[in-house]
Amino acid sequence: MSRKIDKKALIPPRVILKGQFEIEIGPGTVLHPECQVNAQKGPIKIGAHCLLEEQSIIVNMSSKPMVIGDYNYVEVGSKLKALRIGSRNRFEPKSSVALGAEIGDDCIIGAKVSICGGDKVGNKTIVFSNGNSQERRKLASTRNLTEIKSMLEQLSKILF
């Protein structure tokens, strides 16, 4: 049960890090209290400058390594189980990504949207619910990086 937490990551009390495999957390990453990172069946590597809000859950249900890229924003109550998540993505409240799914770079997974196992969300894609079903659209521009940098900057002023 090894932990490799960069000294510039912020892991306050009440964050739940569990599981028998390695958990690695990159520099500038901020985990809010009550979020969980569970290396249940394999290791987890979370990149630099990610933001995981309260009640978000990251769990590796596979013996293969789970790799989450840089500058990802995981909002309240979201659940991520996919082994490959790119960089600069936003997971809106209560979204979920199943084991076997893949998320590219610069994506937005809308509130309460579930990405099923075997599903691949390509780069610069927004997935949202229209009430009856899910829709996907390509994003013309990417704002995720600017938004998460701004949030991390504000948090660092408050917390450091």
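That block above? That's the structure.
The text that follows walks through the structure, step by step, so that each part is easy to find. In this text, all values refer to a predicted model and were calculated from it rather than measured experimentally.

Reading the values: the criteria
- Residues numbered from 1 in each chain as written.
- Predicted model: local features only at pLDDT ≥ 70, side-chain atom pairs only at ≥ 80, totals over all residues.
- Heavy atoms only, no water.
- Helix = DSSP H or I, 4+ residues; strand = E, 2+ residues; numbered from the N terminus.
- Rg over C-alpha atoms; globule rule 2.2 N^0.38 Å.
- Buried < 20%, exposed > 50% of the residue type's maximum accessible area, 1.4 Å probe, protein only.
- Contact = heavy atoms within 4.5 Å.
- Areas by Shrake-Rupley, 256 points an atom, 1.4 Å probe, with all protein chains shown as cover.
- Lys, Arg positive; Asp, Glu negative; His and termini not counted.
- Charge placed at Lys NZ, Arg CZ, Asp CG, Glu CD.
- Pairing = 2+ DSSP bridges.
- Core = buried A, V, L, I, M, F, W, Y, C linked by side-chain atoms within 4.5 Å.
- Salt bridge = Lys/Arg side-chain N within 4 Å of Asp/Glu carboxyl O.

Tallying secondary structure elements over the chain gives one helix and 20 strands in all. Rg of the C-alpha trace for the chain: 15 Å, near the compact-globule value of 15 Å for 160 residues, within the 12% margin. A principal-axis box enclosing the C-alpha atoms of the chain has dimensions of 40 × 35 × 20 Å. When burial is assessed residue by residue, the chain has 41% of its 160 residues classed as buried. Within the chain, contacts between residues separated by at least 24 positions form 9% of all contacts whose residues are at least 6 apart in sequence. Total accessible area computed for the chain in this model is approximately 8,200 Å², and 51% of it derives from carbon and sulfur atoms. For the chain, the centre of its 24 positive side-chain charges and the centre of its 16 negative side-chain charges are spaced 3 Å apart.

On to the sheet that holds strand E10 (residues 73–74), then. For sheets, the rule is that strands pair by backbone hydrogen bonds, running either parallel or antiparallel. Taken together, seven strands build an open sheet; the order of strands is E4-E7-E10-E13-E16-E19-E20 and the sheet is mixed. Of all the strands in the sheet, just strand E4 (30–31) and strand E20 (134–138) have a single pairing partner and so form its edges. Bridge count for strand E19 (residues 125–129) against E20 is five bridges, and the pairing is antiparallel. Among the inter-strand pairings, Val 127 is bridged to a residue of E20, identified as Arg 136.

Below, the discussion takes up the nonpolar core. Counting 30 residues, the largest nonpolar core has Leu 52, Ile 103 and Ile 115 as the members making the most contacts within it. Looking at this core, the elements with two or more residues in it are strand E3 (23–25), strand E5 (36–39), strand E6 (44–46) and strand E9 (66–68). In this structure Ile 115 touches Ser 96, Val 97, Ala 98, Ala 101, Ile 103, Ile 109, Val 121, Val 127, Gln 134 and Arg 136, once residues within four positions along its chain are discounted.

Here the focus is the sheet that holds E3. Reading across the sheet, the seven strands line up as E1-E3-E6-E9-E12-E15-E18 and stay open at both edges, with parallel pairing between neighbours. Edge positions in the sheet fall to strand E1 (3–5) and strand E18 (120–121), since each has one partner strand and no second. In this sheet, E6 lies alongside E3 in parallel orientation, the contact comprising three bridges. Pairing of Ile 25 across the sheet is with Ile 46, part of E6.

It is possible for side chains bearing opposite charge to pair when their charged atoms get close. All told, the structure shown has six salt bridges when counted by the stated rule. A salt bridge links Arg 88 to Asp 106, with the shortest nitrogen-to-oxygen separation between them at 2.8 Å. In this pair, Arg 88 is assigned in the loop between strand E12 (84–85) and strand E13 (90–91) and Asp 106 in the loop between strand E15 (102–103) and strand E16 (108–109), connecting sequence segments 18 residues apart. Taking relative accessible area as the criterion, Arg 88 reaches 25% and is therefore assigned partly exposed. According to the relative accessible area criterion, Asp 106 is buried, its value standing at 8%. Beyond isolated ion pairs, a larger network of salt bridges with shared partners links Glu 75, Arg 90 and Glu 147.

Inspection of the secondary structure assignment puts Leu 99 in the loop between strand E14 (96–97) and E15. Under the relative-accessibility criterion, Leu 99 is labelled partly exposed at 35%. Taking the C-alpha atoms as reference points, Leu 99 and Ala 9, separated by 90 residues in sequence, lie 26 Å from one another. For Leu 99, the residues in contact, after removing those within four places along its chain, are Met 61, Ser 62, Lys 81, Ala 82, Leu 83 and Gly 117.

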